[in-house]
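# Structural overview for review
What follows is each chain in one-letter form.
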Amino acid sequence: MRNLRINRPGHFSGRWLAAVLLLIGVNIDAADAVGQTNQPPELGAPKSLLTSPPKAVSSEQSQTPSTEQPALAQPVPAQPVPAQPVPGQPVPGQPVPADDQKLADEKPQQDAAKVQKTTAKNQLIFKNLETPSVATIGTLRADNGGFDLDLWQGTSSDVAQSLLSRVQNSTPSATVNRLLRRVLQAAGTPPDGDQTEDGAEKFFLLRVQALVQLGAIDDALNLMLAVPKGSRTAAFTKQVTEIAFLRPDPNQACAEVRRMLTSSDDLFWLRAAIVCDTLDGRLERVELDSRLLNELGAVDRRFNLLVTALLSGEKPTIKDADSLAPESFALAGLVAGERLVTDVDQVAPKWLTALATAPSTPFNLRLQLAERAVTLGLMKPAELQALYQEVKVNETRLDQLLTLVENDPDVQASALLFRAAETQQSALARAQLITQALSLAEKRKNTRALAAPLAEVVIEMPVISQLEWFAATAVRILIAANRGGEAAEWSRLASRAKPPEQQLAWVRLWPLTHLANGPDMTPWDADLIDQWWQLDQDGQTADMAKKKMTLLAFLQTTGATISDDVWRTMVTSPTRRQLVTMPLSLRRAIGAGVREKRFAETILLTAIALSGGSFEVFARSDLVFLITALRDLGLAAEARQLAMEVALADGL
């Protein structure tokens, strides 16, 4: 892609250039004399800069050439002596005082300094006329979810481009994924170094491509559309079209396809036109263009199969839909064939949102994809809740429903329990269904996905003593949904529980409550943390001991004080050695980024460090290091949220 830039003001005309040269002190009289045969008009006696320095040209004036002759910017012949004495000027025939003579000697130097200062001022004004680089464009600013404009300060252009090109996958942390998306969308001063048009364009497009790789399709499209229309080249329009084809509705893409089809030799536009003709019901043109593609040798087997199915009226089954080209993906939706994937857990983030929102994706598959997308922070919980609400709830007795879900926990089980809880009038029945739903979510390892819809139901429930047994579950759901601040009443109810089993439930939950809310809302209780550590000591496995030590390390990282006795006990506890650790180079780079406040660079490095696996594969010491880095970077809330995600993933 070339020439992707914001239009600059038009070139200076010859006359305007002459005016500029006059302002900066270049005498063009000789040039005028050579280029003109007629005598120039009489301008009158020139005005001396000693008495009337030129005025600074405003940006508005500089855009439109003035018809007035600008004041000369260099010394001119002395003016005639005025008839009346002028204060501060010598009178002919009279001696000049020594002090006045000194001032007269210094005056030319002062005047020259004024001229230089004025000239410099004018030059700065012309410099400010330049349009900002495309690299500065963003859809987020500090007041709507972005960051300060200097977020790339201290990072070179080469380093920024290298890191952006390494963003190929999301992390297991919704918190880090959201942070990274905000950085990629943020407006700001671009990285240091070469800021040529090509460099600025490359930096911008790498941000867009990284958003696509993260599954942030709408964010990527909005960022592209933020570039003014006059600066959108053919290559730019192609990328916008490809991104738009990943969305359920290709109308956004088809707006420019017709124009590009007549002005570009790229056969992509011919395939894109087939998608748009299909959308408009012009099947005769689809058949004609398809034949033309084959004659030109532009054979895409899967695209051709979709066209054949379209023309024959078939509804094909598209396997491995997450490997289709964007135009084939869009055409598959219009053909209404079922789009399938082999393994939901292996679907790249780029396709999670596209497939989860596509009507031609089977409903059960959409549920699975949406749950994973919400867990990774790629979709909003409200979108998952909307899918859940499409599940029909039969008039089944509560006990029968719970038994059915227990015996057959299929893909729709979580949705069914949520819908049943949502429709119950009895608080007791709701509590039973929510408890069952949370238990199922923990088995399926999608607690964070289900927690947000369940939290809406919990918040509507009355906090009454009859639900004391449910209080700890309610707190856990609100914490998992990042709404721990709304769990105060449920926490008080859980802490007052009398039965031993309910007391233990609160002790097990308390460290998470403190981690989620911080010391301001949940003051530190050393006795409770000691009780928590002593739980299950006799039969504690190495894996559980490791998880509990991780949680204690998170608590200390976020400001808690762990007693020496607790740490000393850990030394004698069974542990499992971690074999997968962060490369030393990456750890050192993140540490340097924090110390030198290289904000965007540090977040990119953190995302790269966490990409490519679940929390289980990372050494806990590395996770503690990353949480500390976020805190020291000024992201204390995000540090707590990351710690919570790991703790919940560990089953704590």
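Residues numbered from 1 in each chain as written. Predicted model: local features only at pLDDT ≥ 70, side-chain atom pairs only at ≥ 80, totals over all residues. Heavy atoms only, no water.

Scanning all chains against the criterion turns up eight aromatic pairs. An angle of 75 degrees between the planes, with centres 5.1 Å apart, marks the rings of Phe 268 and Trp 269 as edge-to-face. Pair check on accessibility: Phe 268 and Trp 269 agree, each one buried. Members of the aromatic cluster, joined through ring pairs, are Trp 469, Phe 470 and Trp 490. Sitting over the ring of Phe 329, Arg 339 keeps its end group 4.3 Å from the ring centre. One cation-aromatic arrangement involves Arg 587 over Phe 625; the distance from NZ or CZ to the ring centre is 4.4 Å. (Phe/Tyr/Trp six-rings, centres within 6.5 Å; stacked < 30°, edge-to-face > 60°. Buried < 20%, exposed > 50% of the residue type's maximum accessible area, 1.4 Å probe, protein only. Lys NZ or Arg CZ within 6 Å of the ring centre and 35° of its normal.)

Unlike most non-glycine residues, Asp 320 shows phi in positive territory, near 50 degrees. Note that Asp 320 resides in the loop between strand S1 (317-318) and helix H14 (326-335). Despite not being glycine, Lys 597 shows a phi value in the positive range, around 55 degrees. (Helix = DSSP H or I, 4+ residues; strand = E, 2+ residues; numbered from the N terminus.)

With that settled, the discussion passes to the environment of Ala 607. With respect to the helices and strands, Ala 607 occurs in helix H29 (residues 599-610). For the pair formed by Ala 607 and Leu 163, sequence separation is 444 residues and the distance between their alpha carbons is 10.0 Å. Setting aside chain neighbours within four positions, we find Ala 607 in contact with Thr 171, Val 176 and Leu 180. (Contact = heavy atoms within 4.5 Å.)

Moving on: the pattern of salt bridges. Applying the stated criterion to the full structure yields 23 salt bridges. One salt bridge in this structure joins Arg 587 and Asp 622, with 2.6 Å as the shortest N-O distance. Remark: Asp 622 occurs in helix H30 (residues 620-632) and Arg 587 occurs in helix H28 (residues 584-595); sequence separation between them is 35 residues. Relative accessible area serves as the criterion here: at 6%, Asp 622 is assigned to the buried category. Arg 598 is paired through a salt bridge with Glu 601; the nearest N and O atoms lie 3.1 Å apart. On the basis of relative accessibility, which here comes to 12%, the residue Arg 598 falls in the buried class. Each of the salt bridges in this network shares a partner with another, and the network as a whole consists of Arg 258, Asp 277, Asp 280 and Arg 285. (Salt bridge = Lys/Arg side-chain N within 4 Å of Asp/Glu carboxyl O.)

This brings us to the packing of helix H22 (residues 471-480) against helix H24 (residues 500-517). At their nearest, the axes of H22 and H24 sit 10 Å apart, and the two run at 25 degrees to each other. What the angle tells us is that H22 and H24 run roughly parallel. For the pair H22 and H24, the sense of crossing is left-handed. Counting all contacts with H22, which are made through Ala 472, Val 475, Arg 476 and Ile 479, the residues of H24 involved are Ala 505, Leu 509, Leu 512, Thr 513 and Ala 516. When grouped by side-chain class, the residues that make up the contact of H22 with H24 number seven nonpolar, one polar and one charged. (Axes fitted to C-alpha atoms, helices over the stretch in contact; angles between N-to-C directions. Parallel < 35°, antiparallel > 145°, perpendicular 65-115°, else oblique. Left-handed = near helix turned anticlockwise from the far one by under 90°. Nonpolar A, V, L, I, M, F, W, Y, C, P; charged D, E, K, R; others polar.)

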